Each structure stands twice: as structure tokens, then as C-alpha cells.
Amino acid sequence: KKNYQASAAAYAKERVLIIGIIIAALAVGIGTAYLIIRSIVHPMHDAIGLAGRIAEGDLTARVDISGKDETTRLLTSLETMRSTLTAMIGNISDISGSLTMSAQGLAQTTQQVSSGAASQAESASSMAASVEEVTVSINHVSDNAREAHALSARAGELSAEGQNIITHAATEIG
């Protein structure tokens, strides 16, 4: 009976020890799983947050990057993408400013050309009016010259008639 009691006591002791080891192993396993999950979930949460802020247009968002695992590489890639997008948008902004200045210069040049064209059109219109006036004057001079010619021809006829009369009168007197 002593052997049985000793065996039962040893069995109980071993059972408690095995249960203790199982509980300790479970605690260590749960703790390790928690740390592993946390080491994956926390950086993934940071990556998702950074990607979301970038998607919303917030290119000033930054995240602390530490470690050498895959999630750290993902965060590093997202940070590189953010800084590249920031640089690209800065370049686009500079180019659009340059383009705006060029467009303003082109608008000023166009305005000057338009003013020059309007001035030339006004000069051409003025010249056309002057040519019209000269044409009217030439027509008027031409009309006056015809009248003068007609009057001169009439005066020549009258002079010839007068000479005939004088010649006739001189013949009758003489």
C-alpha cells in the first residue's frame, strides 16, 4: 500500500508539473503569437494609414520606419512613393507657373499685334478715304478742264466769227 500511495503521490505531483508545463507552454505560445501578430499588424496598420492619407492627397504624412522585415520594406516603399509624388507635384507646379507666364507673354504679344493691325487698318481706311478724295478732285478737275476746253473752243469759234465780221467789215469799207 505504501508503494501505491507513493505512486499516487508521484503521479499527482507529475500531473501538476505537466499541467504547469502545459499552462506555461500555452502562456509562452500565446505571448509569442501576440508579439508576432503585433509586429505584423502594427506596421500594416501604419502602412494602410499612410496609403490612405496619400490617397486623400495628404503628401505631408510621414510614418516612423524601423526594422528589416517585409512590412518595413512596404512602409519604405510607401514613403518613397510619397516623396516622389511630392517632387512630381512640385515640378508640375513649377512648369504650370512657367506656362502661365508664357501664356501671359503670348497674350501681351497678341494684344500688341492686334493693336498694330488695328492701326494699319485705320491707316488703310484713312488712305482709302484720301484716295477717294483725290479721285473726286481729279474728276472735278477733269470736269472743269472739259468745261474750260468747251469754253475755249466756243471762244475760238466766237473769235473766228469776230474775225470774219471784221474781215467782212474791212472789205466793205475798203
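Our structure's up above, just so we're on the same page.
Enquirer: Whenever I open this one, the pattern of salt bridges confuses me. Can you help?
Expert: Side chains bearing opposite charge may pair, as long as their charged atoms lie close to each other. Throughout the structure, instances matching the rule amount to four salt bridges. Between glutamate 157 and arginine 154 there is a salt bridge, with the nearest N and O atoms lying 3.4 Å from each other. Placement of the pair is glutamate 157 and arginine 154 together in helix 2 (residues 70-173), with a separation of three residues, close to one helical turn. With a relative accessible area of 41%, arginine 154 lands in the partly exposed category. Overlapping salt bridges, with partners in common, bring together Arg62, Glu79 and Arg82 in one network.

Enquirer: Just checking my understanding: could you explain the nonpolar core for this structure?
Expert: Here is a general trend for soluble globular proteins: nonpolar side chains tend to be buried in one another's company. Counting residues in each nonpolar core, the largest one holds eight residues, listed as Ala47, Leu50, Ile54, Leu59, Ala61, Val63, Leu75 and Leu78. Looking at this core, the elements that each hand over two or more residues are helix 1 (2-55) and helix 2. Considering every element that reaches this core, the biggest residue donor is helix 1, with three residues. Setting aside its immediate chain neighbours within four residues, alanine 47 contacts Leu74, Leu75 and Leu78.

Enquirer: I'm lost on a nonpolar patch on the surface in this one. Help?
Expert: A grouping of Ile36, Ile37, Ile40, Val41, Met44, Ile48 and Leu74 is seen on the molecular surface, where their side chains present a nonpolar patch of about 610 Å² in accessible area. Among the elements that line the nonpolar patch, the one with the most residues is helix 1, at six residues. Along the chain, the position of isoleucine 40 falls in helix 1.

Enquirer: What is the right way to read the side chain of aspartate 46 from this model?
Expert: Topologically, aspartate 46 is positioned in helix 1. Ignoring anything within four residues of it in the chain, the contact list for aspartate 46 reads Val63 and Leu75.

Enquirer: How should the packing of helix 1 against helix 2 be read in this particular structure?
Expert: The angle between the axes and the distance between the axes are what describe a pair of packed helices. Two numbers describe how helix 1 lies on helix 2: the axes approach to 9 Å, and their chain directions differ by 15°. When the axis of helix 1 is compared with that of helix 2, the two are roughly parallel. Every pair of crossing elements has a handedness; the one defined by helix 1 and helix 2 is left-handed. Together, Ser39, Ile40, Pro43, Met44, Asp46, Ala47, Leu50, Ala51 and Ile54 of helix 1 and Thr71, Leu74, Leu75, Leu78, Glu79, Met81, Arg82 and Leu85 of helix 2 make up the contact between the two elements.

Enquirer: Where do I start with helix 2 in this structure?
Expert: Because each turn of an α-helix spans 3.6 residues, side chains separated by three or four positions end up pointing in the same direction. Given a rise of 1.5 Å per residue, 104 residues ought to cover 154 Å, and the 149 Å separating the end C-alpha atoms of helix 2 matches this to within 8%. Residues of helix 2 that are buried: Thr71, Thr72, Leu75, Leu78, Glu79 and Arg82. In the core, the buried residues of helix 2 are packed alongside helix 1.

About the cut-offs
- Residues numbered from 1 in each chain as written.
- Predicted model: local features only at pLDDT ≥ 70, side-chain atom pairs only at ≥ 80, totals over all residues.
- Heavy atoms only, no water.
- Salt bridge = Lys/Arg side-chain N within 4 Å of Asp/Glu carboxyl O.
- Helix = DSSP H or I, 4+ residues; strand = E, 2+ residues; numbered from the N terminus.
- Buried < 20%, exposed > 50% of the residue type's maximum accessible area, 1.4 Å probe, protein only.
- Core = buried A, V, L, I, M, F, W, Y, C linked by side-chain atoms within 4.5 Å.
- Contact = heavy atoms within 4.5 Å.
- Patch = residues over 30% accessible without salt bridge, like charges linked within 9 Å, V, L, I, M, F, W, Y side chains within 5 Å.
- Areas by Shrake-Rupley, 256 points an atom, 1.4 Å probe, with all protein chains shown as cover.
- Axes fitted to C-alpha atoms, helices over the stretch in contact; angles between N-to-C directions.
- Parallel < 35°, antiparallel > 145°, perpendicular 65-115°, else oblique.
- Left-handed = near helix turned anticlockwise from the far one by under 90°.
- Expected span 1.5 Å × (residues − 1).

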